[in-house]
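As a plain string of letters, each chain reads:
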Amino acid sequence: MNIVVPTGSGPIGIYGFARPRPERAEELERLLLSFVEPTRAEPGAWQYQVHRDVCDPTTLVFYELWRSGEDLRSHLARPDLVRFQETRMEYLREDLEIHWLTPLSASAVSP
């Protein structure tokens, strides 16, 4: 999967699902959680959350809200995230499921 950020101006949101291999589930959770604080410190990162699906606790869900697509592209170019993109299938039983969002209420978020 090559993550291609949609073009356009203004804020962009993303949510996705990570379904880990059972033997790598704890490791993947730790890895995704290790991205939280550095990501939140990035310019343009308005929100970055990692969740566990209530109905399927083996599934991890991530939600991100960015000031712009350019900020998100810069985020995805970080060496640790490039490395994750290259090795993700070692952790996952199926590829990431990603959904792109156009925020309608982003003005309520303080940058």
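Above this text you will find the structure in question.
The structure displayed is predicted, hence computed values, not measured ones.

(A) Spatial organisation of the packing of aromatic side chains. Here the structure, examined in full by the defined rule, presents three aromatic pairs. Arranged with centres 5.9 Å apart and planes meeting at 65 degrees, the rings of F35 and F84 form a pair that is edge-to-face. On the criterion of sequence distance, the pair formed by F35 in the loop between α1 (25-34) and α2 (36-40) and F84 in helix α4 (residues 79-87) is long-range, its members being 49 residues apart. Ring plane angle 40 degrees and centroid distance 6.3 Å describe the contact between F84 and Y91, whose orientation is recorded as tilted.

(B) Focus on the sheet that holds strand β2 (residues 45-52). Strands sit in the order β2-β3-β1-β4 across an open sheet of four strands; the sheet is antiparallel. The sheet is open, and its two edges are formed by β2 and β4 (97-101), each paired on a single side. Recorded for the sheet is a direction-independent mean angle of 10 degrees between the axes of neighbouring strands. Two elements, strand β1 (residues 12-18) and strand β3 (residues 60-66), share seven bridges in a ladder whose sense is antiparallel. Looking at the pairing, I12 lines up with W66 of β3. Against the sheet, α1 engages β1, β2 and β3, with an angle of about 165 degrees to β2.

(C) Looking closely at α4. Within the span of α4, buried status applies to L81, F84 and Q85. Projected down its long axis, α4 carries its buried residues within an arc of 100 degrees, all on one side. Exposed side of α4, more than 90 degrees from the buried face: P79 and E86 are the residues found there. Buried residues along α4 sit in contact with α1 and α3 (69-76).

So, how was this worked out
Residues numbered from 1 in each chain as written. Predicted model: local features only at pLDDT ≥ 70, side-chain atom pairs only at ≥ 80, totals over all residues. Heavy atoms only, no water. Phe/Tyr/Trp six-rings, centres within 6.5 Å; stacked < 30°, edge-to-face > 60°. Helix = DSSP H or I, 4+ residues; strand = E, 2+ residues; numbered from the N terminus. Pairing = 2+ DSSP bridges. Axes fitted to C-alpha atoms, helices over the stretch in contact; angles between N-to-C directions. Contact = heavy atoms within 4.5 Å. Buried < 20%, exposed > 50% of the residue type's maximum accessible area, 1.4 Å probe, protein only. Arc of directions from axis to C-beta.

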